[in-house]
Structures are given as structure tokens and as C-alpha cells.
Amino acid sequence: MGCCCLKNQKTLPTHKLDENTKNTSMIPLKSSTNPTSPIALDLQNTIKESKKRELTDVYNIKKVIGQGSFGFVRKGQHKNHPDLIVAIKSIDKSKIKNELRLLKREVTILQSIDHPNIIKLYETFDDAKYFHIVMEFCSGGELFEKIIELGGKINEKKTAVYMKKILRAVNHLHEVGVCHRDLKPENFVFENDSPDAELKIIDFGLSNKFGSKFKHIVKMESFVGTPYYIAPEVIKGDYGPKCDIWSVGVIMYVMLTGHVPFPGDTQVKIFKNIMKAKLKLENPIWDTISDAAKDLLKRLLVANPHQRLSAAEALNHHWFNDPSKQKLALDPNIILALRSYKPKSQMQRAALGIIVKYLSVDQIKDLRQAFYDIDVNQKGELNIHEIDEALNKCGINLPKTQLSELFRNLDYNGAGVINYSEFLSATLSSKIQLDEHMLWMAFKVFDKEDQGFITVDNIHEIMNKMGKHVTKDQVREILNEVDLQHDGVICFDEFKKMLSGAKI
Ligand SMILES: Nc1ncnc2c1ncn2[C@@H]1O[C@H](COP(=O)(O)OP(=O)(O)O)[C@@H](O)[C@H]1O
Ligand SMILES: [Mg+2]
């Protein structure tokens, strides 16, 4: 394995992972987009939508926290709500030129994803030079930095904890038809510095949306990714979602050893080694690592994607079996809140769906843990059997009709599963007192033109983004219920009254 140790990464630019490597490692896409194509125009519309307010009207811009291929990432602070710290990825439009579709993809994919291990998008801004993506700020640094900080590698127990988080996130992405295509330690960040901080996937710049949930293997031919983490089939130019699993295998190898499995001092040599896919686990470095870990690695780093484990299969590998965690008790207060959930008005639900995005880690930690515990199949969304099982564990046995009714009420957008935000908004009442500050934040998300009131169009747009497809006429009815002054819009006072009726 020679010289590819992470510990000395600054002196080893050929094999790893310093700033220089990061900036040069991304391989440009082959194809380009005509700027007047429907996709590009659609993006221009997205940009136009968010044009009214400037980034600096809303946020104080702080220091640079990351350097990207097409721009940089800075920390920001909301001017009206100083507690809200965000990360702002600013993409230099002149650098992406005809690749506007990448930007569009990154935003639309991020908008549609709702999972505790995937970064949350707040809003976007456009100015003459940059397109800005505002997202939750993760202060704990990159997984890459953590590997360095822990001495160049991570012990097996901790690696298993991180791998589980990574695989849960990838399982969810694949379940909803998204392939990330650029998984590597720089694209995972820790939400904060605490030892049990969540790990979140960032950087959906190369991600791609698939058709019908991978029922068929869909061909993706663009040649993308970062050399050490690229799957053999990507080099060949014909690949599907399993390319992410290969990258996860490389990340696991890197965490355990501090080396990359397929090194090389030029890109050509790296690719040659990847194509050979000869995994050597005999080196003394492996002596202290369990057979179970090696077995999982061998099943992830398989050249043939058809023989490679899926994320769901990997999560069921015996390496993750921790007997102490098998009989985890669910918090009865949370389950009770779930059980006694009463359907709220459409508008209350939409508002709560926004509010949960802005809650701090401390506020939702227990709820997030409960979500993981109930999510037995680890897909990042809850089905009716999982809800039933959770209730049973707390001694609640609902007749089928009542269970179906409860489930329908919880499932706001009618997708047939309870997503993370739906779960949070339903169980919030067991934990949280909404304050004026939170309500104002949510109000401003609806009132994106900063007019001081919410219109039918605002509600229509937000509901559609949440997957709740309603007509404008339906929205008018929804608005009328809240519009106490009958002036056709919702002011902050009406918004507050509506949510105090939500008994949160
Ligand atoms: N939400 C975030 N919180 C904290 N740091 C972030 C966040 N998003 C990005 N970063 C930092 O900025 C770097 C570059 O961001 P990324 O989205 O990966 O850009 P690029 O597509 O150019 O690689 C990341 O590797 C990370 O260090
Ligand atoms: Mg990145």
C-alpha cells in the first residue's frame, strides 16, 4: 500500500485528498446543455423566482468554510434570527456555463430529499455572478478531517457507527431514485462536535435522478466522480446506482486503514487498479480487523455491480449486529404523541412541515432517534407495519381500521409512507413549545417576496414542494379557513392564531 497513508496527506498529493487533489479530482461531464433548452430555461425561472431578495439582505456573510470546484462555501447568519447559522454554497455561474443542468439538479434533488443523514436545503438566491444555495450548517467538519484528526484511521467500532449512518442515507437515496455519484469523505459532514453527532451527505452537484425506483437498471453514461472512489463500471461508462455502493466500500476501507484500496500516482494507474479490483486484505494492517468487517468489504468492493450488495443488504450484514442494541426501548411519550395524533388543518400541516426544518439538533434529537428505531427496514421512511410494531412495543394494539386511519392522517402528502418531516411534525407536541421566533421563520418562508403576508400562490408553491399536490382553488379554501380578516391573504397574526390552534 506504500505511500497512500492519509495521515501524511499533505505530503502525498498523488494519492490523497488534500485541497489540491480535491479541486482537480473531479472529472468534467462529457455532455453539455444548450442554454436555451427547456431545462436551462426552467432553471432561469427558478432563479427568477428567488431574485427579489438579495442574499445579503437576509444573511450576514461570515468566513469561508469550504472550497468547491465551482465556487466556495461560507458560513452565514440570519439577520433577523441570529441563532440561525447556515452554510451558503456560492456557485460561480461563469464556471459552470453550459452545465446549468447540474445546478438545477442539485437544487431540485436537495429540495425533494427528507432524511436525517442528508443535508437540508433552506433557500436559494441568484445574483449577477453567483447562484447561492443556503442550507443547514454542520459545524463538526468533514469525515475526511475526522479521519485525519483520529490519527489517519478510525477504529472498527466507530467505523461501524459511521458506516451505518452512511448506508442508511444511501439506502434512502436509492429508495427515492437518486444516485449521488460523488460519495467520498469530503462530502460527508458532522452536524456538530459531539461524539454522537449525525453524519450528513452534502454536495449533490453530480447526483442524478432515476426513473421508477430502480426497477430496471438505468444506464448513466456521464463519466463523473473522484478517481479513488470511482466504481469500475463508471470508468467503463455504463452504470447504475450500485456505483454509490462501490464508493461506500472505498470509504469503509479508507476509514479502517487510512489507505485507499486502489492507489496509483497517476489517474491512469488508479483506474487500472480499480478495473483490476484486486482487494488485498492480507497486509498486517488487517490483523486487528474482524473477519466480519473484511467480509462486508469484500461484498461491497465487487467489480460486478450485480454481485455487489445493495445498501439495504449491506445494512443487514452481520458486522452491524450489536446485541446490546437489539431490544432498544422506544420513548413512550413519543409513541403516545404518535398514537394520539389528530389531523391538523392543511395549512397547519404545511407550516409545521416548514418549522421542523429549522429546529435545532437539541430540539429534535429524541424524535430523530425514535424515527431511526421505528424505521426497522432502514429506508428512511416509515410504513404502516413499522408504525404498528412501534405501537405494539408500547402496549398499544390498534384495530386495523383505526391503524389505517391514523396512518392516513400522518401521511400528509399521501405517498403511502411517513417521511421524516411528517414524523417530526406529528410527534413534535411531545417535545416542543413553539415560540414567536420559530413562527416568524416559518412565516417568512411562505412570504418569500417579503410582502408581509402570505398569498394563495405562496401556499400553493410550498405545498407542492412538500409533495402535496393541490389546485389553486383548493388552496383558496385552505386560505379562507385561516383568513380571519377576509382580505384574501394571511398576515402574521392570522398565521400565529392558526398555529396556536394546532396545540403544539
Ligand atoms: N452544509 C455544510 N455545512 C458545513 N460545511 C459544508 C457544508 N456544505 C459544504 N461544506 C464544506 O464545503 C466543502 C465544499 O462543498 P461541496 O458542496 O462539497 O462543494 P463541491 O461541489 O464544490 O465539492 C465541503 O467539502 C465541506 O467542507
Ligand atoms: Mg464536494
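Data block above holds the structure.
Our subject in this report is the structure included herewith. (Residues numbered from 1 in each chain as written. Chains lettered and ligands numbered in written order. Predicted model: local features only at pLDDT ≥ 70, side-chain atom pairs only at ≥ 80, totals over all residues.)

Further remarks concern helix α19 (residues 436-446). What α19 keeps buried is the set M438, A442, F443, K444 and V445. Check the buried side of α19 and you find it contacts α14 (346-358) and α22 (492-500). (Buried ≥ 20, exposed ≤ 12 C-beta atoms within 10 Å, placed from the backbone. Helix = DSSP H or I, 4+ residues; strand = E, 2+ residues; numbered from the N terminus. Contact = placed C-beta atoms within 7 Å.)

This brings us to the pairing of strand β1 (residues 59-67). As paired elements, β1 and strand β2 (residues 71-78) share six bridges and run antiparallel to each other. For I61, the partnering residue across the bridge sits in β2 and is G76. Here β1 folds back onto β2 in antiparallel fashion, the turn holding three residues. (Pairing = 2+ DSSP bridges.)

Let us look at the sheet that holds strand β5 (residues 130-136). Within the open sheet, the five strands sit side by side as β1-β2-β3-β5-β4. Their pairing is antiparallel. One side of each edge strand has no neighbouring strand; the edge strands of this open sheet are β1 and β4 (121-126). The average angle at which neighbouring strand axes cross in this sheet is 25°, direction not considered. Strand direction decides the pairing type here: β2 and strand β3 (residues 85-92), joined by seven bridges, are antiparallel. Within the sheet, the bridge partner assigned to K75 lies in β3 and is A87. (Axes fitted to C-alpha atoms, helices over the stretch in contact; angles between N-to-C directions.)

A few words on the nonpolar core. If you look at the biggest cluster of nonpolar residues, it comprises 73 residues, and the most contacted ones within it are I166, V248, V250, I251, M252, M255 and L300. Counting contributing residues, this core receives three or more from each of domain 1 (38-136) and domain 2 (143-320). Among all residues touching M252, those that are not within four sequence positions of it are T159, M163, L297 and L300. Counting residues in each nonpolar core, the second largest holds 44 residues, with L352, I354, V356 and M463 among its members. (Core = buried A, V, L, I, M, F, W, Y, C linked by C-beta atoms within 7 Å. Domains from an automatic or database assignment.)

Running from amino to carboxyl end, helix α20 (residues 456-465) crosses helix α21 (residues 472-482) at an angle of 110°, the nearest separation of the two axes being 9 Å. It follows that α20 is roughly perpendicular to α21 by the angle criterion. Here α20 and α21 pass one another in a crossing that is right-handed. In this structure, α20 uses V456, I459 and H460 to contact α21, whose residues at the interface are K472, V475, R476, I478 and L479. Partitioned by chemical class, the residues of the contact of α20 with α21 number five nonpolar, one polar and two charged. (Parallel < 35°, antiparallel > 145°, perpendicular 65-115°, else oblique. Left-handed = near helix turned anticlockwise from the far one by under 90°. Nonpolar A, V, L, I, M, F, W, Y, C, P; charged D, E, K, R; others polar.)

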